[in-house]
Amino acid sequence: MNDNSSVIKLEDICFFYPGSNEKVLDHLNLEIKKGDRIGMMAPNGSGKTTLLHTIMGLCKPDSGTITVFGNVLKNEKDFLPVRSKIGLLFQDSDDQLFCPTVLDDVAFGPLNLGFSQHDAIEIARKTLERLGIPSFEQSVTHRLSGGQKRLVALAAVLAMEPEILLLDEPTAGLDNMVQEKLINILNGLDISYFVISHEFDFVKAVTDKIYSMENGRILTDDKIHIHRHEHIHKHGKQPHIHK
Ligand SMILES: Nc1ncnc2c1ncn2[C@@H]1O[C@H](COP(=O)(O)OP(=O)(O)OP(=O)(O)O)[C@@H](O)[C@H]1O
Ligand SMILES: [Mg+2]
């Protein structure tokens, strides 16, 4: 693959949820190339999650072409091999995590990729350490807080060493310190990623371009002008930074 090669290409994609007459994706086009770090900011219900699920083959489009790593994907058997190379962080961590303990959840991906039990656990431990949560190892996943689950879900995705990351609101529920850690991790990766978020500062810190969605289509950054609103407020008790 050369440096500017296409990793994911969606062409003229239309998608309706079964039984609904709302066209969520309407002749949508999107290309993610090697090295791209793209942010996506768009209103609730505009189809961002549906878009990621379409790339993964979890939503099957009514028309259009999905090409991933140069292969056109049509049926379930085409999507199976690419799913392990694309790391999707689900918007809802409960969709991602299903094992009894955190270590099992994070080791699940590497095990599925064919690593031995020993190696999968080793990879899982290293990934938890990298995210600063080695102490969660034996925790019961479903008893963790929302933010803690989010981190474990991220560990589960990163443990698979995907070739591209699709992150659906990764900072939702994360405190500032953990968000900073996530920013450092993302900025230290040398893979492409596409990250959905409603937090401008986060998106700006980790991406090179910001897209939006409207009427079932992508608006690229030459078509939108995202801007920041400043506001005034009382001093408050918590320390904070103005930039
Ligand atoms: N399983 C489903 N069945 C029917 N309609 C759905 C389903 N999931 C989503 N939709 C509809 O599709 C549209 C797009 O939803 P989607 O979840 O992709 O939006 P989103 O941009 O990710 O929103 P948010 O910012 O709230 O996460 C919405 O109108 C939603 O009601
Ligand atoms: Mg969503």
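Up top is the structure these notes are about.
Residues numbered from 1 in each chain as written. Chains lettered and ligands numbered in written order. Predicted model: local features only at pLDDT ≥ 70, side-chain atom pairs only at ≥ 80, totals over all residues. Heavy atoms only, no water.

### Some remarks on the packing of aromatic side chains
Moving on, step 1. With the rule as written, the count across this model stands at two aromatic pairs.
Moving on, step 2. Between Phe-15 and Tyr-17, the ring centres sit 4.8 Å apart and the planes meet at 85°, which makes this aromatic pair edge-to-face.
Moving on, step 3. Ring centres of Phe-98 and Phe-108 lie 4.9 Å apart, and the angle between their planes is 90°; on these two criteria the pair is classed as edge-to-face. Highlighted residues: Phe-98 in the loop between strand S6 (86–89) and helix H3 (102–112) and Phe-108 in helix H3, separated in sequence by 10 residues.
Moving on, step 4. Of the residues examined, Phe-108 reaches a relative accessible area of 35% and is grouped as partly exposed. (Phe/Tyr/Trp six-rings, centres within 6.5 Å; stacked < 30°, edge-to-face > 60°. Helix = DSSP H or I, 4+ residues; strand = E, 2+ residues; numbered from the N terminus. Buried < 20%, exposed > 50% of the residue type's maximum accessible area, 1.4 Å probe, protein only.)

### So, unusual backbone geometry
Moving on, step 1. Located in the positive-phi region is His-27, a residue other than glycine, with phi close to 55°.
Moving on, step 2. With respect to the element layout, His-27 can be found in strand S2 (residues 23–33).
Moving on, step 3. Taking the relative accessible area as the measure of exposure, His-27 reaches 33% and is therefore partly exposed.
Moving on, step 4. Phi at Glu-161 takes a positive value of approximately 45°, unusual for a residue other than glycine.

### A word on H3
Moving on, step 1. Within H3, the full set of buried residues consists of Val-102, Leu-103, Asp-105, Val-106, Ala-107, Gly-109 and Pro-110.
Moving on, step 2. Just downstream of H3, Gly-114 is the residue with a positive phi angle, here 105°.

### Remarks on the packing of H3 against helix H4 (residues 117–130)
Packed helices, taken two at a time, are described by their axes: the angle between them and the distance between them.
Moving on, step 1. Here H3 crosses H4 at 120°, and the two axes come no closer than 8 Å. Taken as axis vectors, H3 and H4 run oblique relative to one another. In this structure, H3 crosses over H4, and the sense of that crossing is right-handed. Contacts between H3 and H4 involve Val-102, Leu-103, Val-106, Ala-107, Pro-110 and Leu-111 on the former and, on the latter, Gln-117, Ala-120, Ile-121, Ile-123, Ala-124, Arg-125, Thr-127 and Leu-128.
Moving on, step 2. A class-by-class count of the residues in the contact of H3 with H4 yields 11 nonpolar, two polar and one charged. (Axes fitted to C-alpha atoms, helices over the stretch in contact; angles between N-to-C directions. Parallel < 35°, antiparallel > 145°, perpendicular 65-115°, else oblique. Left-handed = near helix turned anticlockwise from the far one by under 90°. Contact = heavy atoms within 4.5 Å. Nonpolar A, V, L, I, M, F, W, Y, C, P; charged D, E, K, R; others polar.)

### Here's the deal with the pattern of salt bridges
Two side chains with opposite charge may pair up if their charged atoms get near one another.
Moving on, step 1. Going through the model one piece at a time under the given rule, you end up with eight salt bridges.
Moving on, step 2. Notably, a salt bridge pairs Lys-60 with Glu-76, separated by 3.2 Å at the nearest N-O pair. Separated by 16 residues along the polypeptide, Lys-60 in the loop between helix H1 (48–55) and strand S4 (63–68) and Glu-76 in helix H2 (residues 76–83) bring together distant segments of the chain.
Moving on, step 3. For Lys-60, a relative accessible area of 37% gives the class partly exposed.
Moving on, step 4. Across the pair Arg-125 and Glu-137 runs a salt bridge, and its minimum N-O distance is 3.0 Å. Of this pair, Arg-125 sits in helix H4 while Glu-137 sits in the loop between H4 and helix H5 (146–158); the two residues are 12 residues apart in sequence, bridging distant segments of the chain.
Moving on, step 5. When salt bridges that share partners are traced, they join Lys-60, Glu-76 and Arg-83 into one network. (Salt bridge = Lys/Arg side-chain N within 4 Å of Asp/Glu carboxyl O.)

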